[in-house]
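Inside the fold
One-letter residues, chain by chain:
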Amino acid sequence: MADAAVFKSDIKPDWCPGCGDFGVLNSLQKACADLNLEPHQVMIVSGIGCSSNLPGFFNSYGLHTLHGRSLPVASGVKLGNSDLTVIATGGDGDGYGIGAGHFVHSMRRNLDITYIVMDNQIYGLTTGQASPTTERMIKTKSTPQGNLESQLNPIALALAGGASFVARGFSGEPTHLAELYKQAIRHKGFALVDVFSPCMTYNKNNTYTWFKERIYKLEDQRHDPKNFEAAMARSQEWGTQIPIGVFYQNERMTYEEGEPAMAHGAMSKLPFKPLDPSILLEFV
Amino acid sequence: MKRKTVSVWVGGAAGDGIASVGESLAKIFARNGLHVYAYNSYQSVIRGGHVWWQMRAGSEKVYTQPETAHILIALNQDAIDQHALGVETGGAILFNSDRMQVRPEHLAHGAQSCGLPISKLAKLPIMQNTVATGAFMYLAELPLGSLEKALEERFGKKKPEVVQPNIDAARAGYEFAKQNWKQFGLGLGLSKTQRLVMIGNQAFGLGALAANCRVYTAYPMTPASSILHFLASNGPKNGCVVKQCEDEIASMAMAVGAGQTGARAMTGTSGGGFALMTEAVGLAGMLETPVVIVNVQRGGPSTGLPTKTEQGDLFQVLGASQGEYPRIILAPQTIEDVFYTTAEAFNLADRYQCPVLILSDLLLSEHTETVDPLDLNVKVDRGEIVSEWTSSEPYKRYLNTPSGVSPRVFPGTRNAQHVSASDEHDERGIVISDVFTDPPTRKMMMEKRMRKIDGARKELAKTYAPKLEGSPDAEVTLVGWGSTANLLRAMMRRLEEEGVRANIFLIKVIAPFLGDDVTAALSTCKRLVMIESNFTSQMARLLRMETGIHIKDRILKYDGEPFVPSEVYKEIKKILARAPAREAVAPR
């Protein structure tokens, strides 16, 4: 197995001390090393937000894009060079708020992409406004009277949206999290890993302690990830018992497997070929 | 009927098969060595409404749709009611006399009523279009065999059983016309010269494929969708992934992602979709990702006129996305030009590592025209590429070079890992925005990027050197851009025929604006008239901003339909009769 250190860049993360994203980063570096990937084979595509700074701290190819647009950019990367291991990363605001439309369609599309959402249930980089996964009636800077909107359930949304791999991890459980990443990256198709990644600065509600008191592992309860109904039922659990682990996995044909243009290899590597003049026959 | 041309209108409702009659006729003309120009006026409905195909063909180049018709093929009563008076004296109205009628008032301008008893000439009423086309072939002195071949091609594969009945119907129409009416004696001068017949959007697709575009992304939007359709059927077998996306934000973002890998990428849309794309156009500017974007303009603002033409997006494209970044904007003028410009756009994108925007409009993209055979062996230049990195020093994706262009590696190259960041970054791509902002680095990187414009400007001034077309000592210079090129050329010829020395000036390179070259070209002009399809004369305003040249005489159209040549002609004459507006040409 390769050393996780090869995936460390020489840039020190600028996250707040104790941020959940450190655990996400370390586990991802370990997972890539365990999978014997090499840095040049990986492309990490992020959106905008605290967590979206991750590519800068990871030694691989990286793209830091626009708020909410990591998935369509990552999809373009995969269409352009399917030989790359493509990992999209971002936060809950990025993926489930401004980028929610792309999230839904990326699941349908089923390109072989791993999507890691560092879910801290708050907007951090903009200093603490409500996010789509902020719980109801929680007070934030933008909801001083309490958040009136109900909390989005990313796991249920992913199941309904047709994701072929749906998992949840916790950055306080780094070994477990690294295993989830490995399964997600190995999975052929779109894989969501929603990660509880506590924000020490702006979310005083969903803390490490809060999660530690509530989470349990699906594999300990003999959950069958092939069972869609069971996965949907587990996705509804919140409050005193919150599951982490693989909710659902169902390998089906990926987009790139079905795309005839990609049958001859990665698009960016195809040699130049002059256009066959027979294409003009339809205009004569 | 003084010129050797034939003008035909086909009118009816959406769903009547107008486009297939029009397209068949266009091919028949082209196969007989004629030049064709056709414009189809339609609405945003699938069934019903009024569709009006206006086509002119001739042995010499034809530049615009006809204003009057020799022959109107009416597929419903509405077409007769609306267009009968536009048929020239001695011209013919071909119609199904079982279902429609031509009344005396329809013939007030001297057209002849040519009713076709379809029930007697064809097995099924649905064949009225074929019968009428057969009759047209006789009146316009075209060989019936060309129509028979077109029918075989149209139905042979899908419905072979209807080929013969249609050929019979065409012959019946031809014979009926022969027995009842006189030929027009147009003397079209048919030949065996091979010409292609296509619409502008097909040329966009062909240009992209010739340049080895590997990924095309789009969300359906009129009038850009036919690029998507052409590429969807021709892309995969020519090494191009064609991806319909959930919206234009995704189309643009996906094209950027693909472009980042080294695959040539393009996206296409109309103004509304482009509005959604703009943030990611700036992303391509910041990441220095080569990508080609086509905006086929239609009438705005907002959803505006979905099926009508306008040149109203010039400023939108010029100002797309926040901040400043190098962009190249080109406005091709004809269908051939669309093909070659699109292919070259990929080279420019690769050389300057920036978004290249191509502005078209509904008229250019959807009108049908004959083009000379296209040279598919286009030049391909991928710009500065580093294929391997063996140095122990880290690879600098955004190396500060004299040209501003930093040689790029394609992701997947060993040992050259780096991040391309949307936030301001240093030469290695490391963001400088979060922990500390670094003014000197920001300044250096901004200047590095913007310096690319100087190289692009120099190159574009050679490739697409702005120059006057026509007499150097003209009394009037008609200025325009994009789809109006054809109209301007027609106007120049007409003015010259009437003894008015005229020339034209077309602005193809919109950004970086070739200010010095444009000023030099226009400095000798006596009188400038801007002709464009928008309300505020955006090109005249841009020209004034970039050069100080203030064109006060403007002919503008924003009703959605293409310019009508005779109306433009009258306007030009009116302008010439006036004293020149002061400052018509500003001093240099």
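This structure is a prediction, so every number in the text was calculated from the model and none was measured.

All names here are of chain B. Packing of helix H1 (residues 18-31) against helix H5 (residues 144-155) brings their axes to within 10 Å, and their N-to-C directions diverge by 130°. Classed by the angle they form, the pair H1 and H5 counts as oblique. In this structure, H1 crosses over H5, and the sense of that crossing is right-handed. Here Ser20, Ser24, Ile28 and Arg31 of H1 lie close against H5, whose contacting residues are Ser146, Leu147, Lys149, Ala150, Glu153 and Arg154. Considered class by class, the residues forming the contact of H1 with H5 number three nonpolar, three polar and four charged.

With that out of the way, let us pick up the interface of chain A and chain B. At the interface, 53 residues of chain A touch 65 residues of chain B. Summing both sides of the interface, chain A and chain B together bury roughly 4,800 Å²; the carbon and sulfur share of this comes to 65%. If you sort the residues of chain A by the area they bury against chain B, Tyr61(A), Leu275(A) and Phe283(A) come out on top, with a joint share of 16%. Linking chain A with chain B are three salt bridges, by the criterion used here. In this structure, the connection of chain A to chain B is made through 19 residue pairs in polar contact (both at pLDDT 80 or more).

A few words now on the domain arrangement of chain B. Splitting chain B by domain gives domain 1 (5-190), domain 2 (200-371), domain 3 (384-464) and domain 4 (468-577). Relative to domain 3 of chain B, the C-alpha centre of domain 1 of chain B lies at a distance of 58 Å.

Residue and element names in this part refer to chain B. One open sheet accounts for eight strands, arranged S6-S5-S4-S1-S3-S2-S14-S7; its pairing is mixed. For this open sheet the edge positions go to strand S6 (112-116) and strand S7 (196-199), each flanked by a neighbour on one side alone. Strand-to-strand twist across the sheet, computed as the mean angle between neighbouring axes with direction ignored, equals 20°. Contacts from H1 reach strand S1 (5-14), strand S2 (35-41), strand S3 (48-58), strand S4 (69-74), S7 and strand S14 (368-371) within the one sheet, and its direction differs from that of S3 by about 5°.

Before going further, it helps to examine the side chain of His425(B). Residue and element names in this part refer to chain B. Tracing the backbone shows His425 in the loop between strand S15 (419-421) and helix H14 (439-463). In this structure His425 comes out as buried when scored by relative accessible area, which is 0%. A polar atom in the side chain of His425 sits 2.9 Å from the backbone oxygen of Ala421. Separated by 2.8 Å, the side chain of His425 and the backbone oxygen of Asp423 make a polar contact. Among all residues touching His425, those that are not within four sequence positions of it are Met286, Tyr398, Ile430, Val431, Ile432, Thr441, Met445 and Arg449.

What follows deals with the packing of aromatic side chains. Scanning all chains against the criterion turns up 21 aromatic pairs over all chains. Residues Phe196(A) and Phe211(A) carry aromatic rings whose centres are separated by 4.3 Å and whose planes lie at 20° to one another, so their mutual orientation is stacked. Of this pair, Phe196(A) sits in strand S6 (residues 191-196) while Phe211(A) sits in helix H7 (residues 208-212), placing them 15 residues apart in sequence. For the pair formed by Phe196(A) and Phe211(A), the shared burial category is buried. A centroid spacing of 5.8 Å and a plane angle of 65° characterise the contact between Phe196(A) and Trp238(A), whose relative ring orientation is edge-to-face. With Phe196(A) in strand S6 and Trp238(A) in the loop between helix H8 (228-235) and strand S8 (242-249), the pair connects residues that are 42 residues apart, well separated along the chain. Of the residues examined, Phe196(A) reaches a relative accessible area of 1% and is grouped as buried. Overall, the relative accessible area of 30% leaves Trp238(A) in the partly exposed class. Through a chain of ring-to-ring contacts, the aromatic side chains of Phe170(A), Phe196(A), Tyr208(A), Trp210(A), Phe211(A) and Trp238(A) assemble into a single cluster. Sitting over the ring of Tyr569(B), Arg494(B) keeps its end group 4.2 Å from the ring centre.

Rules behind the numbers
- Residues numbered from 1 in each chain as written.
- Chains lettered and ligands numbered in written order.
- Predicted model: local features only at pLDDT ≥ 70, side-chain atom pairs only at ≥ 80, totals over all residues.
- Heavy atoms only, no water.
- Axes fitted to C-alpha atoms, helices over the stretch in contact; angles between N-to-C directions.
- Helix = DSSP H or I, 4+ residues; strand = E, 2+ residues; numbered from the N terminus.
- Parallel < 35°, antiparallel > 145°, perpendicular 65-115°, else oblique.
- Left-handed = near helix turned anticlockwise from the far one by under 90°.
- Contact = heavy atoms within 4.5 Å.
- Nonpolar A, V, L, I, M, F, W, Y, C, P; charged D, E, K, R; others polar.
- Buried area = accessible area lost by both parts, 1.4 Å probe.
- Salt bridge = Lys/Arg side-chain N within 4 Å of Asp/Glu carboxyl O.
- Polar contact = N/O pair within 3.5 Å; in protein donor to acceptor, adjacent residues only side chain to side chain.
- Domains from an automatic or database assignment.
- Pairing = 2+ DSSP bridges.
- Buried < 20%, exposed > 50% of the residue type's maximum accessible area, 1.4 Å probe, protein only.
- Phe/Tyr/Trp six-rings, centres within 6.5 Å; stacked < 30°, edge-to-face > 60°.
- Lys NZ or Arg CZ within 6 Å of the ring centre and 35° of its normal.

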